Structure formats: structure tokens, C-alpha cells
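Next come the chains, spelled out residue by residue.
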Amino acid sequence: MSREELNRRIGFTEEQLDKEAEEYENDTWDASKFGKVVMGRPSLADEEVKPITFRLPVSKIAALDRRAAREGRTRSEELRLAVDDRLMKA
């Protein structure tokens, strides 16, 4: 991803980033305008989440990874979608 594309995605121009960097370097930066800093990954749900582990044949894992890549998703995202789809049909 190019720097310009990243800037577009986060909604900043190069000039805005330069201004923020200058304020930060001069210790005049107001971090509160960006909201509270939260460490770690964003939560996936409004409740506690736990990891699960299960085994699959390597051929199914490869197929899963191909589909995820084709759709622009991670393996975990693809698995969550599959579980959601199955639960919706229950």
C-alpha cells in the first residue's frame, strides 16, 4: 500500500501529518483530540471473546486460505463468517 493510499484511508493529507508531527516533536501536541488510547486489537463483540482451536485436514486449510485471499479476508475472518452463516441457518 502506498503512502498516499494509506493517508486516504486514515483521512489525513500529507500536510496534516507534517503539522501533527511538528506539534508532537515540539511537545505541543494535544493527544486528547484523538480520543482515549486503547491498547490491543479492537474487540470483535460487545461481550467476552475466547479463542478456540480445532483440527482440519491440510487440504481444507489450503482451500480456506485460497477463499479468504480471493475475498480479501484473513483466515479468521473467513472462519467467523462460516460460523455465522451456519448459525443463522440453525
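Given the structure is predicted, the values throughout are model-derived calculations rather than measurements.

Trainee: Would you explain the pattern of salt bridges in this entry?
Mentor: For side chains bearing opposite charge, pairing can occur when the charged atoms are close. If you walk through the whole model with that rule in mind, you get eight salt bridges. Between Lys-19 and Glu-23 there is a salt bridge whose closest N-O contact spans 2.6 Å. Here Glu-23 and Lys-19 lie together in helix H2 (residues 14–25), a separation of four residues that amounts to about one turn. Overall, the relative accessible area of 18% leaves Glu-23 in the buried class. The shortest N-O distance in the salt bridge between Glu-78 and Arg-67 comes to 3.0 Å. Of the two residues, Glu-78 sits in helix H4 (residues 75–88) while Arg-67 sits in helix H3 (residues 58–71), which places them eleven residues apart along the sequence.

Trainee: Would you explain the packing of aromatic side chains in this entry?
Mentor: Each aromatic ring pair is summarised here by two numbers: the centre-to-centre distance and the angle between the ring planes. Tallied over the full model, the rule gives one aromatic pair. Judged by centre distance (5.1 Å) and plane angle (80 degrees), the ring pair of Tyr-24 and Trp-29 falls under edge-to-face. The exposure class of Tyr-24 is exposed, given its relative accessible area of 54%.

Trainee: Can you help me understand H2 in this one?
Mentor: Within an α-helix, residues lying three or four positions from one another point in the same direction, as the helix has 3.6 residues per turn. With twelve residues, H2 should cover 16 Å at 1.5 Å per step; its first-to-last C-alpha distance of 16 Å lies within 8% of that length. Two residues or fewer past H2, Asp-27 is found with a positive phi of approximately 60 degrees.

Trainee: Just to check I follow, could you spell out unusual backbone geometry for this structure?
Mentor: Leaving glycine aside, a negative phi is the common case for residues, and trans is the common case for peptide bonds. Phi at Asp-27 takes a positive value of approximately 60 degrees, unusual for a residue other than glycine. Mapping Asp-27 onto the fold places it in the loop between H2 and H3.

Trainee: Looking at this model, I keep getting lost on the side chain of Glu-20. Mind explaining?
Mentor: With respect to the element layout, Glu-20 can be found in helix H2. Assessed through its relative accessible area of 16%, Glu-20 is described here as buried. A distance of 2.9 Å separates the side chain of Glu-20 from the side chain of Trp-29, its partner in a polar contact. Residues within four places of Glu-20 in sequence aside, it is in contact with Phe-12, Trp-29, Lys-33 and Phe-34.

Trainee: What am I meant to see in the side chain of Asn-7 here?
Mentor: Tracing the chain through its elements places Asn-7 in helix H1 (residues 3–10). If sequence neighbours within four positions are ignored, Asn-7 has contacts with Phe-12, Glu-14 and Leu-17.

How each quantity is defined
- Residues numbered from 1 in each chain as written.
- Predicted model: local features only at pLDDT ≥ 70, side-chain atom pairs only at ≥ 80, totals over all residues.
- Heavy atoms only, no water.
- Salt bridge = Lys/Arg side-chain N within 4 Å of Asp/Glu carboxyl O.
- Helix = DSSP H or I, 4+ residues; strand = E, 2+ residues; numbered from the N terminus.
- Buried < 20%, exposed > 50% of the residue type's maximum accessible area, 1.4 Å probe, protein only.
- Phe/Tyr/Trp six-rings, centres within 6.5 Å; stacked < 30°, edge-to-face > 60°.
- Expected span 1.5 Å × (residues − 1).
- Polar contact = N/O pair within 3.5 Å; in protein donor to acceptor, adjacent residues only side chain to side chain.
- Contact = heavy atoms within 4.5 Å.

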